[in-house]
Amino acid sequence: MKYILMMTGTKADFDWYTKWPKKDLEAQFAFMHAFNKELKDSGAFVAAEGLAFPDQAKIVRAGKNGEPITDGVFPESKEFLAGYWIVDVESADEAYKIAARASAAPHPPRNGPGGTEDNQPIEVRQVMSGPPEELLR
Amino acid sequence: MKYILMMASTKAGVNGYKAWPDKDIQTHFAYLHALNKELSESGEFVATQPLAGPNEAKLVRAGKDGAPITDDVFPEAKEFLLGYWIVDVESPQRAFEIAARLSAGPGPGGVPTNMPIEVRQIMSGRAEELDTAGSGARIERSR
């Protein structure tokens, strides 16, 4: 069973991330590197991608003639996907355990010194091999 | 250049799709299937994945002992990723054109849904090798 583990954040979260001290960024890179290697060694790793920052995000709609209409304005509260992992595991619980590992990645206190130590929430959903059954019924 | 084209919707939006007549759902998926085939033939197709519905989504955090704490309560306004396409194209404009094709997919009665598609560049190479999430983006951006 394949699951997708998604890290998301608002623009404010991304702004915070750009202000991390170098030491904290290095600690995070080292963690991610070891984490991905461990997933690969265990055979659970399927894919992982990091996305460009939200300031590069565009919303695209088809105009009447089918041409793309692009817009770069988003609500403050919008959650942007920062990156994801896809893992192939035996059960949902196994996916949740892996998500908890990603959640526990090292980070500086949120909102500066003395801020919260809250772990990063990771959204977990099964990846379907075809269209979701609930859409096909 | 790789771009990810993301289709997202709220729970209310997903409930809207579920109410589509079967015929319209089939027409929509036939459209997507033809588009996937076209992108494969043009060499631009990298990957696509549909995701399980929002009702199955869990938010996972590590507890103090590192054990997963799962939660499935989300704000009404939350946009859930429903599926994505990754395409390898020559320019952002081409990614936008493909996103517009997705947006123009037929809805009920064959009327284009005009649903919004979020487009972002994928930070290739690094993302595959080492980093995930914002890390790759950060490196790329600081160049």
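Residues numbered from 1 in each chain as written. Chains lettered and ligands numbered in written order. Predicted model: local features only at pLDDT ≥ 70, side-chain atom pairs only at ≥ 80, totals over all residues.

What chain B contains, in helices and strands, is five helices and six strands. Listed by position from the N terminus, the elements making up chain B come as β-α-α-β-β-β-β-α-β-α-α. When the 143 residues of chain B are sorted by exposure, 36% land in the buried category. Sequence-distant contacts in chain B: of pairs separated by 6 or more residues, those separated by 24 or more amount to 70%. (Helix = DSSP H or I, 4+ residues; strand = E, 2+ residues; numbered from the N terminus. Buried ≥ 20, exposed ≤ 12 C-beta atoms within 10 Å, placed from the backbone. Contact = placed C-beta atoms within 7 Å.)

Turning our attention to the environment of Met32(A). Residue placement: Met32(A) occurs in helix α2 (residues 22-42). Sequence separation between Met32(A) and Pro106(A) is 74 residues, and the spatial gap between their C-alpha atoms is 9.6 Å.

All right, on to the interface of chain B and chain A then. Facing the 51 residues of chain B at the interface are 54 residues of chain A. Here the residues of the side of chain B that touches chain A are counted per class, giving 29 nonpolar, 11 polar and 11 charged. Two elements, strand β3 (residues 58-62) of chain A and strand β6 (residues 117-121) of chain B, share three bridges in a ladder whose sense is antiparallel. By the bridge assignment, Val60(A) is partnered in β6(B) with Ile117(B). (Nonpolar A, V, L, I, M, F, W, Y, C, P; charged D, E, K, R; others polar. Pairing = 2+ DSSP bridges.)

Here we come to the sheet that holds strand β5 (residues 80-88) of chain B. Read across the sheet, six strands follow the order β4(A)-β3(A)-β6(B)-β1(B)-β5(B)-β2(B) without closing on themselves; strand pairing throughout is antiparallel. Each edge of the open sheet carries a strand with a single partner, namely β4 (68-71) of chain A together with β2 (45-50) of chain B. The sheet shows a mean angle of 25 degrees between the axes of neighbouring strands, direction not considered. Across the sheet, helix α3 (residues 92-103) of chain B touches β3 and β4 of chain A together with β1 (2-9), β5 and β6 of chain B, and the angle it forms with β3(A) is around 55 degrees. (Axes fitted to C-alpha atoms, helices over the stretch in contact; angles between N-to-C directions.)

This brings us to the pairing of β1(B). Regular strands have side chains that alternate between both faces of the sheet. All names here are of chain B. When you tally the buried positions in β1, you get six out of eight residues, the bulk of the element. Pairing geometry for β1 and β5, over eight bridges, is antiparallel. When the sheet's bridge partners are listed, Ile 4 is paired in β5 with Ile 86. When β1 meets β6, the two strands line up antiparallel, connected through five bridges. Residue pairing for β6: Tyr 3 is matched across the bridge by Gln 121.

The next subject is the sheet that holds strand β1 (residues 2-9) of chain A. On the basis of which strands lie adjacent, the open sheet formed by six strands has the order β2(A)-β5(A)-β1(A)-β6(A)-β3(B)-β4(B) and antiparallel pairing. Two strands in the sheet have a free side with no partner beyond their single neighbour: β2 (45-50) of chain A together with β4 (68-71) of chain B. Each adjacent strand pair in this sheet contributes to an overall mean axis angle of 25 degrees, direction not counted. Summarising the sheet, β2(A) and strand β5 (residues 80-88) of chain A pair through five bridges and their orientation is antiparallel. In the sheet register, Gly50(A) faces β5(A), and the bridge partner there is Gly83(A). Seen against the sheet, helix α3 (residues 92-103) of chain A touches β1, β5 and β6 (122-126) of chain A together with β3 (58-62) and β4 of chain B and runs at an angle of roughly 55 degrees to β3(B).

The next point concerns the confidence of the model for chain B. Residues and elements named next belong to chain B. Within chain B, residue pLDDT values average 88, and 86% of them lie at 70 or more. The weakest mean pLDDT in chain B belongs to helix α5 (residues 133-141) at 40; the strongest belongs to β6 at 98. Below a pLDDT of 50 lies the segment residues 126-143, which in the model reaches 46 contacts outside its immediate sequence neighbourhood of four places, other chains included. Prediction confidence for the complex, expressed as pTM and ipTM, is 0.88 and 0.88 respectively. (pLDDT = per-residue confidence, 0-100.)

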